[in-house]
Amino acid sequence: IREFPFLMAAKEIRARLKAAKAAVGKKDFHEVRKLCQEVFSVDESNYTAHVFAGLAELELGQPREAGHHYRTAIGLQPGEQLAWKGLADFYDKHAPSNRGEREEAVEAYQKLLTFVQSDPPKLRSTLKKLTDVHKTLGNCSQAVACYSHLLATYHHGDAPPTDTEPLGELWVEVTEYLLEQEPAVLTEDTWEMLERGLAAVVESPAVSESVKRDVRAKYIQKTFDKFTHHSTRDGQLEERLRKECHALIGQDPTHLSSLVVLARLTLIDTLIELPKMESHSFRVEGSQWPSLFRSLSPEGGEGAGAGASGLVCLGQAIVCGGEGRWKDAGEMVIRGVSLSPELTEGWLLATLIHLHLCDFPAAQQEAIHGLTIVDKAPAFVRKEFENQLKLCLAQAYLGVKGKDSIEKALTLLNELFQVTSHESHVTTQLVRAHLLQGNVSRAEELVKGLQAKCGSGSHAVLGLEGELSLAQRDYQKALELFTSALESQPTCADCHFARGRVLWETPGGDRVQAYSVFLQAAKLHPFNPDIFLHIGHYQKLVTKDLRRAVKCYQKATELQPSHMEAAVALGDALFTLGDEEAAFKVYTRVASVVPQAEAKQAWVRMGLYQRKSGLYSEAIKSFQNALAANLSDRHCWECLGEAYLARGSHNSALRAFAKAVELDPRSLYCLYQIASIKQVLGQLKEAVSEYTAVLELEPSYVPALKGRGENHLLLARLALRENFDGRAVDHVSLALSDLTRAAGLRPQFTCLWKLIGDCCVALCDVAPQVARPSVPKVLRGQSTSSSLECDVIEKRELLLIGCRAYGRALQLSPDSAFLWHDLAASYYHLGKSGSGAGRAGGAGRAGGGTVEDFHTALNAAKKAVSLQTQDPTHWNMLGIIAARPEVDNSALAQHAFIMSIQVESNNVVAWANLGTLYMKHGNIKLAHQAFRNAQSLEPGFVQAWIGQALVAESIGHSDSMDLFRHSTELAYHPEGSTGYGYWVCHTLCSIDPKLILNPGGVSLNPTAQAGLLQARDCLQKHVERRRDDACAYNLLGLLYEQEGLYRQAETAFSIAAGLLSDERDAARLSGVQANQARVLSALGRHSEALPFSSTLCQLGGDPHNQLQLALALFRSQKYTDSTQVYEQALAAVTEGKQRSAILTAVAMAAFAMGNHDKCKTTLFKAFQTPPPSLHGLVSLCVFGCLCPGLELTLIQAALLEIAQALELPDDAAVLLHPSCVQTLKTMMVFLRQKKQAAECVDTLQSVLEQLPELKQPTVPPPLSLTLNFIEGASPADALRFAQRLVHAYPSNVWSQALLMGLLDGGLRTKYKQMVSDNVQTELSSLSLRGPLSRWRQSLQKELLELQKWTIGVK
């Protein structure tokens, strides 16, 4: 009681349920809900309460709670009707939203059926609802079963139904539902139900006629879909389909659906029965197409759709083809497939028609598209249509006749042959494919197989045998076979054309008869372009009527725009007629419609036209497209190379010609082009090799001879620019040999004679001693049996040959201004060849040049100017010749140079020449202005800089040396070389030595050294060209001497002296001899230097000459004579420093003679002569150390004087010889060993600290200093010092010996032995003579002492 404060008795529950029932009657559903809740609070499993609650919730808009109560009630009492009816009412008001609810609704309706079997209206209503739910669920079979049950309710035994109107509507609903289903869903039972429904609908008087037509039309479409999905043709179903179509047409003759179905069936039948295009016509006799066209039309009323119009167009195409109107058939079939693109049979029909029209590209596209949608074709003809489309596609590929197309056709035909080998038309096309490919043996096998199947007398076999015989060049047999084939089928156009081809190709055949046969074939098949192509060939080759041929070729290209052979023939004919633009359009059109790989001939011709028209980039693209078809075509690579070459793309052209040579290594033209391109690119040596390869194949190939000769000439000029004169002479000899051979083969070629002249003039600036080339005897006027026999000739004769070569060229081209210019230059150089000029006056000598040569050159230059007045080079040449002293026409020269500048305002050469002319006449201001203009126009023009340097030199400006230096950096020029060499020597002699020497006075500083080397290189180049310039040789010798290259300097001075031996100016000769004597003394060849020194002293009392003679005598160990000469020089010298130095030299001579007293006295005199010589002071210190008893006072005094001299601001230490510095350091070691010399050591230490460090990394410190350090160091420090010494001076033997001596211990034995071996190897490798051999002996002795000392240290 405590848990249930309110308990309700069963009587009270019944009372509340009764009240709830009353509330339901009153539509008070809130009260019903309340009462039910009270019941649920006591009894949750009350069936009636759940039913009432479900109804209340349903009416109150709570479907979820209503469904819950109904399901709970059903679960409590499944056999009771009330809950099931409530759940059904629930789904009536609220349609199930998901599959679970629908399945629950099906269960409810099915349960409800068990309760309403005796009530027909409720039974029909419930069945209708159940059917709708099954239809929603997609349960077709259950829905059909419900429809059957529902239909049965209208029948009572065998009595007819009483209510026909609802029954008719029900049959319409059933039939439409079944017609909406997919064919795969309809089983045999459902299909039988569909047919019963159709019959009931058609027979029902309660159904309107329009509904009957719609149902029948839908049935026809559904039946056609089922018919097309059958893998085999169902005759009964097709008969039923046709029957219904005719019935519907009878009911409504304009109804499209039945007409469309009948049209498709007829189209399928037509394509199945269609012959394989052998008769070139469709069979339409007795077909249904005409009657169908009367019913179907493209404008067929409201229901006329694209499908009906497409079928009409396809049918019209068949009728047009049957009537021979093939163009109309082509137009209609294109319209048909565009209106009905889903019909596979339409694409097959289009392919067949375009094959007959020989429009093979269109046929290819249509066949390919048809194969992509072949799955949409009726199943029972799908495979047959697929095979037909593949066969048509193969025929289309064969019609194109390209290599790739034939391969594709063979692939398709082989595939078809494997599955349909019994089909003769497949074998026929396969044979033709093999014949086009050139595989005659395989074609013969196939023909034999076909002959075994079809018999030898069949039309197809005879035709194939004829084609096989034609391919085998058996023309007579082929003619007989084609004649036999025509007897069995006289209207076969292909046989007529093949017979005409036999007559045409037969050697000596009757081409007129062939022409007649071609005409007959054209009448039978006017769409075959090959027929009109051969008719065009007849007009072109036999009747020679190009205009008629063009019409025939045009006809062929109109029939088949992609026919490559016809298009090429048309273009070639138009080219022959001169209409090149029209021909180019033909090539362009055919190349745009034919695959790139098949349009090679068109691309090549397009490229040739574009290259001829200057469209080089377009030509390149055309040739590249042509190569895409065949990369192994050498001619295409040649054309591509020529196009690249015309555009200026030399590297690309080179690669193209190289590829052509790979394909044909004996192609002279390609090899020649490779050589010429390398010549243009500056690869001259490679070009010579390429020209040689051409001449190995064809020795008399004139272009190659000319090219190789021209390359040798270019190599010669390049060698001249680099001052390799000997190499240039060799190249000129080779060039003359090749060009002479070429001129002998083609003497009428002006260019060959001009090149011969250029070769001869090329060596005009080379020294006569070097310019001695080998020239063929033919050029010298000597008749010889072989043009290869040569003579070595002099420079002047070479220039004469050049003049004659230019003269021969002028005989061939007398109005060539450039040849007259070259002739003038040749005579100008011929006149110069007899004279030479150096920088200094008097350095040149008049030679064999004649005034007539220069006047001849002047006349030739005037002729060149008269022929071409607007060429500045001719005026410039005229001015150069007129300015020569032999002509001496300065006014003409000035006029010519000014005219050259007026013709070409930026003519730097003319400005420089004008400036030179002004310099010659002393007009410095105008010369400077002219040279400045030349510099502004071209800053790198060397002659302008040289001119400015000469101007600066003439006015004494300090920039002259820098200007000469800059000119040598730009390029070699004789005037610039000698000028810079002169200024370098002048600078070295005139400036303070401390400005050009390194610290310590050992060598030149880097700046001075670079200038010296640059000047020396320039002079070396100059004397190679001007071997008669004594001034240049003298300057070169001075520079060599400054570098310490005394042997080279002596050679240069000797040559200079030889050149000046005939000069009257003895001063120049004496100067050179003085230089020579000085260098000989430096070389130790004192005896050779004595005569020159003696001669110089006899010429005058110059103290320098006397000192040089004294030094030579001293070094020749003639000390007495040396002393006398020194004393004579001393008497002539008044300056204190020079007198002190001479006294020091006298003291040395006295010491050498053993007269120590005189030596000491003379050194004191030198010491007392202000300012004393530093070398004399050092000598006095050494003398003090050598004197018995060690005169420390003398040494101290000398050292103090040295210290005072070093403190002077003139930096005297720079002039102190390095040997003196080393002597002072050695003296330091010596004096440290003397305890009484401590004061001298301190003074000497201060002196050494003032001296600059010698920067000589390759010269080790003296041995005595090294030993002195090691004596005072620990063994470890000594070893480290020795190791550093070896690293610093690895090439010195004694440093390794010192390390060897310091090594000891077992671990160092191996290394010690290695070092010892190195020392012995170094000593044994020294192959020295003279003083150096004595040095080696002393070194070995010192090494032994060092080893003994190291043993003592250890």
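Residues numbered from 1 in each chain as written. Predicted model: local features only at pLDDT ≥ 70, side-chain atom pairs only at ≥ 80, totals over all residues. Heavy atoms only, no water.

1. A word on the overall build of the chain
Stated precisely, the cut-off is as follows: Helix and strand assignments come from DSSP, with helices taken as H or I runs of at least 4 residues and strands as E runs of at least 2, each series counted from the N terminus. Only protein chains enter the accessibility calculation, which uses a 1.4 Å probe; a residue whose area is less than 20% of its type maximum is buried, one above 50% is exposed, and one in between is partly exposed. Two residues form a contact once any of their heavy atoms are found within 4.5 Å.
Counting secondary structure elements, the chain contains 68 helices and two strands. By the burial criterion, 48% of the 1354 residues in the chain qualify as buried. Considering only contacts in the chain between residues 6 or more positions apart, those separated by 24 or more positions represent 55%.

2. A few points about the pattern of salt bridges
Heads up, the condition is: The term salt bridge refers to a pairing of a side-chain nitrogen on Lys or Arg with a carboxyl oxygen on Asp or Glu at a separation within 4 Å.
The final tally for this structure, using the stated rule, is 35 salt bridges. Note that Arg501 is salt-bridged to Glu505, the shortest N-O span being 3.4 Å. Within this pair, Arg501 and its partner Glu505 are both found in helix α25 (residues 493-505), separated by four residues, close to a single helical turn. Classification of Arg501 by relative accessible area gives partly exposed; the value is 28%. For Arg772, the salt bridge goes to Glu794, with nearest N and O atoms at 3.1 Å. With Arg772 in the loop between α39 (750-762) and β1 (774-776) and Glu794 in the loop between β2 (790-792) and α40 (795-812), this residue pair connects regions lying 22 residues apart in the sequence. For Arg772, a relative accessible area of 37% gives the class partly exposed. Residue classification places Glu794 among the partly exposed residues on the basis of a relative accessible area of 42%. In this structure, a network of salt bridges that share partners links the residues Lys383, Glu386, Lys390 and Glu415.

3. Observations concerning the packing of aromatic side chains
Rule in force here: What counts as a ring pair is set by centres within 6.5 Å for rings of Phe, Tyr and Trp (its six-membered ring), and what kind of pair is set by the plane angle: stacked under 30 degrees, edge-to-face over 60, tilted for all other angles. Either the NZ atom of lysine or the CZ atom of arginine qualifies as a charge over a ring when it sits within 6 Å of the ring centre and within 35 degrees of the ring normal.
For the structure shown, the criterion picks out 13 aromatic pairs. Consider the rings of Tyr515 and Tyr538, whose centres lie 4.1 Å apart with planes at 10°: the pair is stacked. Of this pair, Tyr515 sits in helix α26 (residues 511-524) while Tyr538 sits in helix α27 (residues 529-541), and the two are 23 residues apart along the sequence. Across this residue pair, the class does not change: Tyr515 and Tyr538 are buried. Ring geometry for Tyr828 and Phe854: centres 6.0 Å apart, planes at 75°, overall edge-to-face. Taken as a pair, Tyr828 in helix α41 (residues 817-832) and Phe854 in helix α42 (residues 851-867) lie far apart in primary sequence, 26 residues in all. Taken as a pair, Tyr828 and Phe854 share a single burial class, namely buried. An aromatic cluster is defined as three or more aromatic residues linked by ring pairs; in this entry it consists of Phe575, Phe584, Tyr587 and Tyr609. Positioned above the aromatic ring of Trp504, the side-chain terminus of Arg511 is 4.1 Å from the ring centre.

4. Considering helix α63 (residues 1238-1250)
Our working rule: Here, expected helix span is obtained from the residue count minus one, scaled by 1.5 Å. What the arc measures is the spread of directions leading from the helix axis to the C-beta atoms.
Taking 1.5 Å per residue, 13 residues should reach 18 Å; α63 reaches 19 Å between its end C-alpha atoms and fits that length. Buried within α63 we find Cys1240, Val1241, Thr1243, Leu1244, Val1247 and Leu1248. The buried residues of α63 occupy an angular sector of 165° when projected down its axis, which confines them to one face. In α63, those exposed residues whose orientation departs by more than 90 degrees from the buried face are Glu1239, Asp1242 and Glu1249.

5. Some details on the environment of Ala10
Within the secondary structure, Ala10 sits in helix α1 (residues 10-25). Residues Ala10 and Asp43, 33 residues apart in the sequence, show an inter-C-alpha distance of 9.7 Å.

6. Examining the packing of helix α29 (residues 564-577) against helix α30 (residues 580-593)
Under the convention used in this document: Angular values range over 0 to 180 degrees, each being the angle between N-to-C directions of two axes fitted as lines to C-alpha atoms, with helices fitted over their stretch in contact. Roughly parallel here means an angle under 35 degrees, roughly antiparallel means over 145, roughly perpendicular means 65 to 115, and every remaining angle is called oblique. Definitions for this section: a left-handed crossing has its near helix turned counterclockwise from the far helix by less than a right angle. A right-handed crossing has that turn clockwise. Think of it as three bins: nonpolar holds Ala, Val, Leu, Ile, Met, Phe, Trp, Tyr, Cys and Pro, charged holds Asp, Glu, Lys and Arg, and polar takes everything else, Gly as well.
Where α29 contacts α30, the two axes come as close as 7 Å, and the packing angle between them is 165°. In terms of orientation, α29 and α30 fall into the roughly antiparallel class. The crossing of α29 and α30 is left-handed. Across the interface between the two elements, Met564, Ala567, Val568, Leu570, Gly571, Asp572, Leu574 and Phe575 from α29 touch Glu580, Ala582, Ala583, Val586, Tyr587 and Val590 from α30. Residue classes in the contact of α29 with α30 are distributed as 11 nonpolar, one polar and two charged.

7. Quick notes on the nonpolar core
Condition: For the purposes of this section, nonpolar cores are sets of buried Ala, Val, Leu, Ile, Met, Phe, Trp, Tyr and Cys residues that join through side-chain atoms within 4.5 Å.
Leu349, Leu736 and Ile881 are the most contacted members of the largest nonpolar core, which has 194 residues in total. Ala1150, Cys1187, Cys1220 and Val1247 belong to the second-largest nonpolar core, a separate cluster that totals 34 residues.

8. Thoughts on the state of the cysteines
Condition: Any pair of cysteine sulfurs within 2.5 Å is marked as a disulfide.
Applying the stated rule across the entire model yields zero disulfides. The thiol of Cys1181 is not disulfide-bonded; the next cysteine sulfur, from Cys1185, is found 7.0 Å away. Judged by its relative accessible area of 16%, Cys1185 is buried.

9. Describing the environment of Val903
Tracing the sequence through the fold places Val903 in helix α44 (residues 890-903). Counting along the chain gives 33 residues from Val903 to Gln870, while the straight-line C-alpha distance between them is 5.9 Å. Every residue in contact with Val903, bar those within four places of it in the chain, is listed here: Thr869, Gln870, Asp871, Pro872 and Trp875.

10. Here we look at helix α18 (residues 360-372)
What sets the pattern is the α-helix's 3.6 residues per turn: residues three or four places apart point alike. If you check α18, its first and last C-alpha atoms are 18 Å apart, about what 13 residues at 1.5 Å a residue would give, namely 18 Å. Here α18 has its buried residues at Phe360, Ala362, Ala363, Gln364, Glu366, Ala367 and Gly370. Considering only its buried residues, α18 is in contact with α17 (344-356) and α19 (379-400).

11. Some remarks on the packing of helix α20 (residues 403-419) against helix α21 (residues 424-437)
When two helices pack together, their arrangement is captured by the angle between the axes and the distance separating the axes. One can describe the packing of α20 onto α21 by two numbers: an axis separation of 9 Å at closest approach and a directional angle of 150°. In this structure, α20 meets α21 at a crossing whose hand is left-handed. In contact with Ile406, Glu407, Leu410, Leu413, Asn414, Leu416 and Phe417 of α20, α21 contributes Val426, Thr427, Gln429, Leu430, Ala433, His434, Leu436 and Gln437. Of the residues that constitute the contact of α20 with α21, the class distribution is nine nonpolar, five polar and one charged.

12. Regarding the environment of Asp474
With respect to the secondary-structure elements, Asp474 resides in the loop between α23 (459-471) and α24 (475-488). By relative accessible area, which is 32% here, Asp474 ends up partly exposed. Separated by 28 residues in sequence, Asp474 and Val502 have C-alpha atoms that sit 9.2 Å apart.

13. Points about the confidence of the model for the chain
Going by this rule: As a per-residue measure, pLDDT reflects the predictor's confidence and takes values from 0 up to 100.
Of all residues in the chain, 76% attain a pLDDT of 70 or more, and the chain-wide mean is 79. Element-level pLDDT for the chain is lowest in helix α68 (residues 1331-1353), with a mean of 45, against a maximum mean of 95 in α39. Residue range residues 275-280 is modelled with pLDDT below 50. Its contacts to residues more than four positions away, or to other chains, number 13 contacts. Segment residues 994-1002: pLDDT under 50, and 28 contacts once partners within four positions in sequence are set aside and those in other chains are kept.

14. Examining unusual backbone geometry
Between Pro1170 and Pro1171 the backbone carries a cis peptide bond, its omega angle lying at -15°. Examined against the element boundaries, Pro1171 turns out to sit in the loop between α59 (1156-1168) and α60 (1174-1186). With a phi close to 55°, Asp888 is a non-glycine residue in the positive phi region. Note on placement: Asp888 falls in the loop between α43 (872-882) and α44. Residue Asp888 is classed as exposed on the basis of its relative accessible area, which comes to 51%.

15. Focus: the side chain of His434
When you line up the elements, His434 lands in helix α21. Not counting residues up to four positions away in its chain, the partners in contact with His434 are Leu410, Asn414, Asn439, Arg442, Ala443 and Leu446.

16. What to know about the side chain of Asp853
For Asp853, the location among the structural elements is in helix α42. On the basis of relative accessibility, which here comes to 9%, the residue Asp853 falls in the buried class. Those residues within four positions of Asp853 in sequence are excluded, and the remaining contacts are Arg796, Tyr827, Leu830 and Gly831.

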